[in-house]
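Structural characterization, general
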Amino acid sequence: MQFTAAQLSEILNGTIEGNPQAIVSRLSKIEESGPESLTFLANPKYENHLYATLASIVIVNQDLKLERPVSTTLIRVQDAYLAFSKLLDVYNTLNLNKTGIEEPSFIHPNAKFGKDVYIGAFAYIGQGVKLGNNVKIYPHCYIGDNVTIDDDTVIFSGVKIYHDCIIGKQVVVHSSTVIGSDGFGFAPQLDGSYTKVSQIGNVIIEDSVEIGSNVSIDRATMGSTILRKGVKLDNLIQIAHNVEIGQNTVVASQAGVSGSTKIGENSIIGGQAGIVGHITIAKGSKINAQSGIAKTIKEENEKWSGSPAVKFLDNYRSQAVLRRLPELEKRIEELEQILKELKQTTI
C-alpha cells in the first residue's frame, strides 16, 4: 500500500512542509527509518534522529521548532503520537479487511449473517448464530449455538465461544481465548467427592472490548458474566463465573478474578493480581501488580498494594520497615543484653 503526503495530510487534518507527492509504503520507528517509510516524532529525546532520518515523511507536533533544516517531508499535526496511532489503526484495518467464506468450513443452515462477513477456513458456525455486518471470524474458530456477534467485531484464529454468549460491536478477541466455558462450580458431598453444578448462564461482552490471547471467561452459573463497554483484558487472564467488570476497566496479564465479584468502572488491575470471590471493588480502584484483594473495597479512586492488599502508601511504609528488620533485630538483641547486664548489676 502506498500513500502520498497529501493523502496522509488530508486523513490527519495536518499541514505539509515539503513535497506533497512524497510516497510512503511502510511504517517504521524514526531511528530505523529508510526510504519510502513513514514515521513520527513525539518524544523530544528522539529529535536528533529527525535531522538524519531517511524517512520520506515524518509526522511532528504543530509547535515543533526545527534547530536545522531537514531533508524529509513533514506533516504537522496537533498531537503526533495520536495522529500516528490513527494511521496505525487505518493500516491495520486495511490489512485485516477480509470478506467472504473460505472452504472448508461448517456453517449451520439457519445461521444469519450481515454484510461483508469473513469466515475463515475450518471455522465452525453453530445453529442459531447471528453475525452482524463486517464481522471477521478467522480460521479454526468455534462459534457455538445461538451466539450473537454484533457489527465490526474481529474474532482471531482459534477462539472458542460457547453457546448463548453475546458479543457486542467493535470487539476484538485474540487467538486461543475461550469465552463461555463452565464456571468452577462443584458441590462437596458427604463422602468427600464433588458433584458438578451445571452452569446454565452465559457471557455478555459489550461494545469496544478488547480481549488478549489465552484468556478464559467463564459462563455464569445463572444469569451472566459481564464485561462492560470499553473493558481491555491483557493475555492469560482468568475471569470466573458471574463476575462483572465495569466499563473502561483494564486488567493486566495473569490476573485472576474469582466468582461473583463486581469490579467498578475505570479501574486498573496490575499483572498477577488475585481477587477473591463475592466482593465489590469500588470504581477507579488501582490495584498494584501481584496484589491480593481479600475483601470489598469501598473507597473510590484509591491505590492498593500487597497481599493481603492495603492502601498503597501503607504498603510502601511496611516495605520500608521490612527492609530494616535485620538492623532492628540486631538493635533488639543489643538492648536485651544491656538490660540483662543492668539486672545483674542491680542484684
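For the structure, see preceding data.
Residues numbered from 1 in each chain as written. Predicted model: local features only at pLDDT ≥ 70, side-chain atom pairs only at ≥ 80, totals over all residues. Heavy atoms only, no water.

With that out of the way, let us pick up the overall build of the protein chain. Helices and strands together make up the secondary structure of the protein chain, namely five helices and 40 strands. For the protein chain, the C-alpha radius of gyration of 28 Å lies well beyond 20 Å, the compact-globule estimate for 347 residues. With the principal axes as the frame, the protein chain shows a C-alpha extent of 100 × 65 × 30 Å. In the protein chain, the share of contacts with a sequence separation of at least 24, taken over all contacts with a separation of at least 6, comes to 18%. Summed over its atoms, the accessible surface of the protein chain is roughly 19000 Å², and 52% of this surface lies on carbon and sulfur atoms. A gap of 4 Å separates the mean positions of the 33 positive and 37 negative side-chain charges of the protein chain. (Helix = DSSP H or I, 4+ residues; strand = E, 2+ residues; numbered from the N terminus. Rg over C-alpha atoms; globule rule 2.2 N^0.38 Å. Contact = heavy atoms within 4.5 Å. Areas by Shrake-Rupley, 256 points an atom, 1.4 Å probe, with all protein chains shown as cover. Lys, Arg positive; Asp, Glu negative; His and termini not counted. Charge placed at Lys NZ, Arg CZ, Asp CG, Glu CD.)

Further remarks concern the nonpolar core. Among the nonpolar cores identified, the biggest contains 50 residues, and Ile137 and Leu233 are the most heavily contacted of them. Setting aside residues no more than four positions away along its own chain, leucine 233 makes contact with Glu210, Ile211, Gly212, Val215, Ile217, Leu227, Ile239, Ile245 and Val251. In this structure, Ile75, Val77, Ala83 and Phe84 belong to the second largest nonpolar core, which totals 14 residues. (Core = buried A, V, L, I, M, F, W, Y, C linked by side-chain atoms within 4.5 Å. Buried < 20%, exposed > 50% of the residue type's maximum accessible area, 1.4 Å probe, protein only.)

For the structure shown, the criterion picks out eight salt bridges. Among the ionic pairs, lysine 29 bridges to glutamate 32, the shortest N-O distance being 3.4 Å. Residue lysine 29 is classed as partly exposed on the basis of its relative accessible area, which comes to 46%. On the basis of relative accessible area, glutamate 32 is assigned to the exposed category, the value being 54%. Arginine 324 is the salt-bridge partner of glutamate 327, the closest N and O atoms lying 4.0 Å from each other. A relative accessible area of 43% places glutamate 327 in the partly exposed class. (Salt bridge = Lys/Arg side-chain N within 4 Å of Asp/Glu carboxyl O.)

Turning to the packing of helix α4 (residues 312–323) against helix α5 (residues 325–346), a few remarks are in order. Two elements in contact, α4 and α5, have axes separated by 5 Å at closest approach and are oriented at 55°. Classified by the angle between their axes, α4 and α5 sit oblique to one another. When α4 is examined against α5, the residues Val321, Leu322 and Arg323 are found in contact with a partner set consisting of Leu325, Pro326 and Leu328. Split by residue class, the contact of α4 with α5 holds five nonpolar, no polar and one charged. (Axes fitted to C-alpha atoms, helices over the stretch in contact; angles between N-to-C directions. Parallel < 35°, antiparallel > 145°, perpendicular 65-115°, else oblique. Nonpolar A, V, L, I, M, F, W, Y, C, P; charged D, E, K, R; others polar.)

Here the focus is a negative patch on the surface. Side chains of Glu329, Glu333, Glu334 and Glu336 sit close together on the surface and give a patch of like negative charge. Looking at where glutamate 329 falls in the secondary structure, it is placed in helix α5. According to the relative accessible area criterion, glutamate 329 is partly exposed, its value standing at 49%. (Patch = residues over 30% accessible without salt bridge, like charges linked within 9 Å, V, L, I, M, F, W, Y side chains within 5 Å.)

For the rest of this paragraph, the subject is the environment of serine 307. Examined against the element boundaries, serine 307 turns out to sit in the loop between β39 (303–305) and β40 (310–311). Taking C-alpha positions, serine 307 is 20 Å from lysine 283, a pair spaced 24 residues apart along the chain. Leaving out residues up to four positions away in the same chain, serine 307 has contacts with Gln290 and Gly292.

This brings us to the sheet that holds strand β6 (residues 57–61). Ordered by their spatial adjacency, five strands build an open sheet running β2-β7-β6-β5-β4, and the pairing between neighbours is mixed. With one partner strand each, in any of the chains shown, β2 (15–17) and β4 (26–27) form the two edges of the open sheet. As defined by bridge partners, strand β5 (residues 37–41) adjoins β6 across four bridges and the pair is classed as parallel. If you follow leucine 38 over to β6, its bridge partner there is isoleucine 57. (Pairing = 2+ DSSP bridges.)

Time to look at the sheet that holds strand β9 (residues 106–107). The parallel open sheet is built from ten strands, whose spatial order is β9-β12-β15-β18-β21-β26-β29-β32-β35-β38. The open sheet has two edge strands, β9 and β38 (292–293), and neither has a second partner. Of the pairings in the sheet, the one linking strand β18 (residues 160–161) to strand β21 (residues 178–181) comprises two bridges and is parallel in character. Within β21, the position partnered with isoleucine 161 by the bridge is isoleucine 179.

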